[in-house]
Amino acid sequence: MRIWYSYVFLGLTVLLCFRLFFDHGFWIPFLFLLFVNAHCLVRERALLRKLKENQEKDPQLEYAKLAITQVGVTVVLFGLLVIVI
């Protein structure tokens, strides 16, 4: 069985944002985590579908690109969240 990147990402973001639940209540961090992880899951599903259609691409390289861009998006969104709150 394959462990998808989005599930690992979910666990890591929950651990990293755990402190927000104590500082800012429940709903703001929950909605942030829900949005970021749903975005990651949708992108990973699209990547898997693209890799299934085009098997010439290197799956490891494509997953690396997904991981790098997803971490970048999360850092930017987290920074915006901290600025707004």
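Above this note sits the structure.
Residues numbered from 1 in each chain as written. Predicted model: local features only at pLDDT ≥ 70, side-chain atom pairs only at ≥ 80, totals over all residues. Heavy atoms only, no water.

**Student:** Help me understand helix 4 (residues 59-84), please; the structure alone is not making it clear to me.
**Tutor:** Given 3.6 residues per turn, any residue in an α-helix points the same way as the ones three and four places further on. Between the first and last C-alpha of helix 4 there are 37 Å, a value that for 26 residues agrees with the 38 Å anticipated at 1.5 Å per step. Along helix 4, the positions that sit buried rather than exposed are E62, Y63, L66, Q70, T74 and L81. In this structure, the buried residues of helix 4 make contact with helix 1 (5-16), helix 2 (18-23) and helix 3 (27-53). (Helix = DSSP H or I, 4+ residues; strand = E, 2+ residues; numbered from the N terminus. Expected span 1.5 Å × (residues − 1). Buried < 20%, exposed > 50% of the residue type's maximum accessible area, 1.4 Å probe, protein only. Contact = heavy atoms within 4.5 Å.)

**Student:** I'm lost on a nonpolar patch on the surface in this one. Help?
**Tutor:** Taken together, F26, W27, F30, L31 and L34 make up a surface patch of nonpolar side chains, about 540 Å² in accessible area. Structurally, L31 is set in helix 3. (Patch = residues over 30% accessible without salt bridge, like charges linked within 9 Å, V, L, I, M, F, W, Y side chains within 5 Å. Areas by Shrake-Rupley, 256 points an atom, 1.4 Å probe, with all protein chains shown as cover. Salt bridge = Lys/Arg side-chain N within 4 Å of Asp/Glu carboxyl O.)

**Student:** Just to check I follow, could you spell out helix 3 for this structure?
**Tutor:** Over its 27 residues, helix 3 runs 39 Å from end to end, which matches the ideal 39 Å to within 8%, given 1.5 Å per residue. Contact partners of the buried residues in helix 3: helix 1, helix 2 and helix 4.

**Student:** Sorry if this is basic, but what is going on with the packing of aromatic side chains here?
**Tutor:** Here the distance between the centres and the angle between the planes together describe a pair of aromatic rings. Within the structure shown, the criterion is met by 4 aromatic pairs. Taking 5.1 Å as the distance between ring centres and 80° as the angle between the ring planes, the aromatic pair formed by F26 and W27 counts as edge-to-face. An aromatic cluster of at least three residues, connected via ring pairs, comprises F26, W27 and F30. (Phe/Tyr/Trp six-rings, centres within 6.5 Å; stacked < 30°, edge-to-face > 60°.)

**Student:** In this structure, what is going on with the pattern of salt bridges? I would like to understand it.
**Tutor:** Side chains that carry opposite charge are capable of pairing whenever their charged atoms lie near each other. If you walk through the whole model with that rule in mind, you get 2 salt bridges. For E62, the salt bridge identified is with K50, shortest N-O distance 3.6 Å. Separated by 12 residues along the polypeptide, E62 in helix 4 and K50 in helix 3 bring together distant segments of the chain. Residue classification places E62 among the buried positions, given a relative accessible area of 8%. Between K65 and E62 there is a salt bridge; the shortest N-O distance is 3.7 Å. Taken together, the residues K65 and E62, both in helix 4 and 3 residues apart, mark about one turn of the helix.

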